[in-house]
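Next come the chains, spelled out residue by residue.
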Amino acid sequence: MKVLVTGGARSGKSGFAEAYAAKLGERGLYVATAQAFDEEMKARIELHQADRRSRGFHWDTTEEPYALAETLRSTAAPVILVDCLTLWLSNWLLRCEHEPDAERLVESRIDELADVFGSMSSPVVLVTNEVGYGLVPEYKLGRIFRDLSGRMNQKLARTADQLVLVTAGIPVELKSQAFRL
Ligand SMILES: Nc1nc2c(ncn2[C@@H]2O[C@H](COP(=O)(O)OP(=O)(O)OP(=O)(O)O)[C@@H](O)[C@H]2O)c(=O)[nH]1
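Residues numbered from 1 in each chain as written. Predicted model: local features only at pLDDT ≥ 70, side-chain atom pairs only at ≥ 80, totals over all residues. Heavy atoms only, no water.

Examining the nonpolar core
Part 1 of the reasoning: By size, the foremost hydrophobic cluster in this structure holds 32 residues, and its most contacted members are L85 and L156.
Part 2 of the reasoning: Sorting the residues of this core by element identifies β2 (29-32), α3 (68-74), β4 (80-83), α4 (85-96), α5 (102-119), β5 (124-127) and α6 (140-159) as the ones contributing at least two each.
Part 3 of the reasoning: Those residues in contact with L85 that sit more than four places away from it in its chain are L4, L68, L113, L126, V127, T128, M152 and L156.
Part 4 of the reasoning: Counting 16 residues, the second-largest nonpolar core is a separate cluster that includes A17, W59, V79 and V127. (Core = buried A, V, L, I, M, F, W, Y, C linked by side-chain atoms within 4.5 Å. Buried < 20%, exposed > 50% of the residue type's maximum accessible area, 1.4 Å probe, protein only. Helix = DSSP H or I, 4+ residues; strand = E, 2+ residues; numbered from the N terminus. Contact = heavy atoms within 4.5 Å.)

Let's talk about the layout of surface pockets
Part 1 of the reasoning: In this model, the largest pocket occupies a volume close to 840 Å³.
Part 2 of the reasoning: As for the largest pocket, its lining consists of 33 residues, of which S14, R44, H48, D83 and L87 are closest to the centre.
Part 3 of the reasoning: Of all the elements in the fold, those that place two or more residues in the lining of the largest pocket are α1 (13-24), β2, α2 (39-54), β3 (60-63) and α4.
Part 4 of the reasoning: With 9 residues, the single largest contributor to the lining of the largest pocket is α2. (1 Å grid on protein atoms, 1.4 Å probe; cavity = no way out; pocket = protein on both sides within 12 Å on 5 of 7 lines; lining within 4 Å. Points joined across faces, edges and corners; volume = space filled by probe spheres on them.)

Side note on the packing of aromatic side chains
Part 1 of the reasoning: Going through the model one piece at a time under the given rule, you end up with 3 aromatic pairs.
Part 2 of the reasoning: R52 extends its terminal NZ or CZ atom over the ring of Y30, reaching a point 3.9 Å from the ring centre.
Part 3 of the reasoning: Here the basic side chain of R95 rests over the ring of Y66, its NZ or CZ set 3.8 Å away from the ring centre. (Phe/Tyr/Trp six-rings, centres within 6.5 Å; stacked < 30°, edge-to-face > 60°. Lys NZ or Arg CZ within 6 Å of the ring centre and 35° of its normal.)

Quick notes on the site of the ligand
Part 1 of the reasoning: Surrounding the ligand, one finds 21 residues, the nearest of these being R10, K13, S14, H48 and D83.
Part 2 of the reasoning: At 3.4 Å from an oxygen atom of the ligand is found a main-chain nitrogen or oxygen belonging to G8.
Part 3 of the reasoning: Taking 670 Å² as the accessible area of the ligand by itself, protein coverage stands at 92%.
Part 4 of the reasoning: Taken atom by atom, the bulk of the ligand overlaps the largest pocket.
Part 5 of the reasoning: Every element with two or more residues in the shell around the ligand is listed here: α1, β2, α2 and β3.
Part 6 of the reasoning: The element best represented in the shell around the ligand is α2, accounting for 5 residues.
Part 7 of the reasoning: For the shell around the ligand, the per-class residue count stands at 7 nonpolar, 8 polar and 6 charged. (Near = heavy atom within 4 Å. Polar contact = N/O pair within 3.5 Å; in protein donor to acceptor, adjacent residues only side chain to side chain. Areas by Shrake-Rupley, 256 points an atom, 1.4 Å probe, with all protein chains shown as cover. Sits in = over half its atoms within 2 Å of the grid points. Nonpolar A, V, L, I, M, F, W, Y, C, P; charged D, E, K, R; others polar.)

See below:
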């Protein structure tokens, strides 16, 4: 079962993805891609960790800002939840930003991730963001990020058995296993 959960910031997508993943298996691996660059982010992450504990979500946690494909390939966890791909993408773009072919380099990471996602036999839930609804970003890097995010989501949604859009806390199923072509 390959699930892609998408939505805007604070849409409730992480909470939904976590509850859904917990239904797919009692134990699993939570893969966090966020990095605590400042105190605000550190506090936010600690809050998430405390919140998970208080809700009785006792999965193993791993923090992996870059090597997602490798993590998915090597894990023996019965269920995997990754939160979130947008930060993972941004981590890669910032790492490659001074390379002349940054966009192509990051795109090849997306392709690698999509390949691994397609070959997963254990249930996996990936969380991503809808980033393209606003204004065209003023800076080139922002525009590249927006385009890569859109292409990444399309590639993963094509492979997913199920695509869920979360808006204002309400999950809407956009693709179900029954409609997989
Ligand atoms: N490093 C690390 N990051 C974590 C951990 N738990 C959660 N996160 C990160 O927290 C982020 C999600 O939190 P927020 O940014 O507050 O949520 P949001 O995506 O804006 O809001 P929702 O749409 O409501 O989920 C994800 O990118 C996770 O990677 C953890 O244990 N370690």
